[in-house]
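The residues making up each chain are set out below.
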Protein chains: 2
Amino acid sequence: MTAVTIQCCAPIAREPLSEADAAELATLLKAVADPVRLRLLSMIGSHPGGEACVCDLTGVFDLTAPTISHHLKVLRTAGLIDGERRGTWVYYRIIPEAVNKLGVLFAPLAAPAKAQNGPVDVELLNA
Amino acid sequence: MTAVTIQCCAPIAREPLSEADAAELATLLKAVADPVRLRLLSMIGSHPGGEACVCDLTGVFDLTAPTISHHLKVLRTAGLIDGERRGTWVYYRIIPEAVNKLGVLFAPLAAPAKAQNGPVDVELLNA
DNA sequence: GAGCTGTTTAGATAAGTTTCTATTCAGGAG
DNA sequence: CTCCTGAATAGAAACTTATCTAAACAGCTC
């Protein structure tokens, strides 16, 4: 069991985001800001074993296979998922570090907007 | 000090999002998936007193006032901020409940994608 | 190798977004 | 009341995105 410390950006209400951080986070957010991609991400992440075959994903939507493939590519390009071909099928899995960047960004502040606490360390346990 | 319990949707990797939840969350995410709006949100949220005047926000960007006004409207329409006119100036503040929905969505799971824990309660302290 | 199934790429079209300029609305000062 | 400043609305132009059909690529089976 390894402990990973994430330290990308402070929560959104703690201090003003720099232009560069905002650009990086916006890229990540644009990738998830779509109902199809949100569902794909949650279907992949919650699938037993932590990975899902494209064939598990296409049937659920009223969309053609190329469209699903396009959305998967957007998620992969953003660094949110990773895909691997094993024989006939391609399997995708979530990259937790990318999701955690967003978790930190929107983490609730105990004290409201006073910005006087220390830096944020989100400890995440990898099995 | 009041304790508010947020229970919109499970974290993204816990269970597949419903079509309706995905649509609602995507609306919220589209609003924040822009570098300017991310910075506006963080500038408003981290401003002393928890609110910021539009006049505090326009000077920071190389954008015209109507463009900033447009971005603020997008954030307000999504329910992420609220604005109030007091005399000459208009003041905006963050609506924490909306931000917390995203915090829960991207909250890290201690156990990786096994989906066998109880429901998630994020406790947030309002002053 | 030939043919089949699963997945991705290419190219086109329709819809949505970001930004601007010009104008209008809201409130305070002379 | 008239003028001035802060903020929002309206409309237009440039750009990006979502989706499709058609075609290509990857690997299995016979």
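Residues numbered from 1 in each chain as written. Chains lettered and ligands numbered in written order. Predicted model: local features only at pLDDT ≥ 70, side-chain atom pairs only at ≥ 80, totals over all residues. Heavy atoms only, no water.

Per an unreviewed UniProt entry, the recorded name for chain A is ArsR family transcriptional regulator, and the organism is Nonomuraea pusilla.

**Student:** Even after reading the chapter, I still don't get the overall build of chain A, so can you show me in this structure?
**Tutor:** When helices and strands are counted, chain A shows five helices and five strands. Taken from N to C terminus, the helices and strands of chain A fall in the order β-α-α-β-α-α-β-β-α-β. Taken over 127 residues, chain A has a buried fraction of 42%. Carbon and sulfur atoms make up 53% of the accessible area of chain A, which amounts to about 6,400 Å² in all. (Helix = DSSP H or I, 4+ residues; strand = E, 2+ residues; numbered from the N terminus. Buried < 20%, exposed > 50% of the residue type's maximum accessible area, 1.4 Å probe, protein only. Areas by Shrake-Rupley, 256 points an atom, 1.4 Å probe, with all protein chains shown as cover.)

**Student:** What am I meant to see in the protein's contact with DNA strand C here?
**Tutor:** With respect to spatial proximity, 24 residues lie near DNA strand C, and among them W89 and Y92 of chain A together with T64, T67 and H71 of chain B are the closest. Among the atoms of DNA strand C close to the protein, meaning within 4 Å, 78% are from sugar or phosphate groups. The side chain of R37 of chain B places a nitrogen or oxygen atom 3.2 Å from a phosphate oxygen of DNA strand C. Between H71 of chain B and DNA strand C, the recorded distance is 2.4 Å, taken from a side-chain N or O atom to a phosphate oxygen. Secondary structure elements with two or more residues in the surface near DNA strand C: helix 3 (54-58), helix 4 (65-77) and strand 4 (89-94) of chain A together with helix 4 (65-77) of chain B. Across the surface near DNA strand C, the residue classes break down as 10 nonpolar, eight polar and six charged. (Near = heavy atom within 4 Å. Polar contact = N/O pair within 3.5 Å; in protein donor to acceptor, adjacent residues only side chain to side chain. Nonpolar A, V, L, I, M, F, W, Y, C, P; charged D, E, K, R; others polar.)

**Student:** How do you make sense of the sheet that holds strand 2 (residues 51-53) of chain A when you look at a structure like this?
**Tutor:** Each strand in a sheet pairs with its neighbour through backbone hydrogen bonds, running either in the same direction (parallel) or in the opposite one (antiparallel). Residues and elements named next belong to chain A. Here three strands make up an open sheet; going across it, the order is 2-4-3 and the pairing antiparallel. Looking at the sheet topology across the chains shown, the edges are occupied by strand 2 and strand 3 (81-86). Strand-to-strand twist in this sheet, taken as the mean axis angle between neighbours without regard to direction, amounts to 30 degrees. Relative to strand 4, strand 3 runs antiparallel, the two being bridged by six bridges. The residue bridging R85 from the neighbouring strand is V90, located in strand 4. Along the sheet, helix 2 (residues 35-46) contacts strand 2, strand 3 and strand 4; its crossing angle with strand 4, the most-contacted strand, is approximately 95 degrees. (Pairing = 2+ DSSP bridges. Axes fitted to C-alpha atoms, helices over the stretch in contact; angles between N-to-C directions. Contact = heavy atoms within 4.5 Å.)

**Student:** Where do I start with the packing of helix 1 (residues 19-32) of chain B against helix 5 (residues 96-105) of chain B in this structure?
**Tutor:** Helices that pack against each other are described as a pair by the angle of their axes relative to one another and the distance between those axes. Residue and element names in this part refer to chain B. Relative orientation of the contacting elements helix 1 and helix 5 amounts to 105 degrees, with a least axis distance of 11 Å. Taken together, the axes of helix 1 and helix 5 lie roughly perpendicular to each other. Facing helix 1, whose interface residues are E24, L25, L28, L29 and V32, helix 5 presents A98, K101, L102 and L105. (Parallel < 35°, antiparallel > 145°, perpendicular 65-115°, else oblique.)

**Student:** Just to check I follow, could you spell out the relation of the copies chain B and chain A for this structure?
**Tutor:** The relation between the two copies of this chain is a rotation about an axis and a shift parallel to it. In screw terms, the move from chain B to chain A is a rotation of 180 degrees and a rise of 0.0 Å along the axis, fitting with an RMSD of 0.0 Å. Each copy turns onto its partner about a two-fold axis. Among all residues of chain B, the one whose C-alpha sits closest to the rotation axis is G103 of chain B, at a distance of 2.7 Å. In this assembly, 100% of the residues forming the interface of chain B have copies in chain A that are likewise at the interface, indicating an isologous arrangement. (Least-squares fit on C-alpha atoms with pLDDT ≥ 70 in both.)

**Student:** Mind showing me how you'd approach the interface of chain B and chain A here?
**Tutor:** The partner chain A presents 43 residues to the 43 residues of chain B that form the contact. Together chain B and chain A conceal approximately 3,300 Å² of surface at their shared face, both sides included; 72% is due to carbon and sulfur atoms. The three residues of chain B that bury the most area against chain A are I12, L38 and F106 of chain B, which together make up 18% of that side's buried surface. The interface formed by chain B and chain A contains zero salt bridges. If you look at where chain B meets chain A, you find four residue pairs in polar contact (both at pLDDT 80 or more). (Buried area = accessible area lost by both parts, 1.4 Å probe. Salt bridge = Lys/Arg side-chain N within 4 Å of Asp/Glu carboxyl O.)

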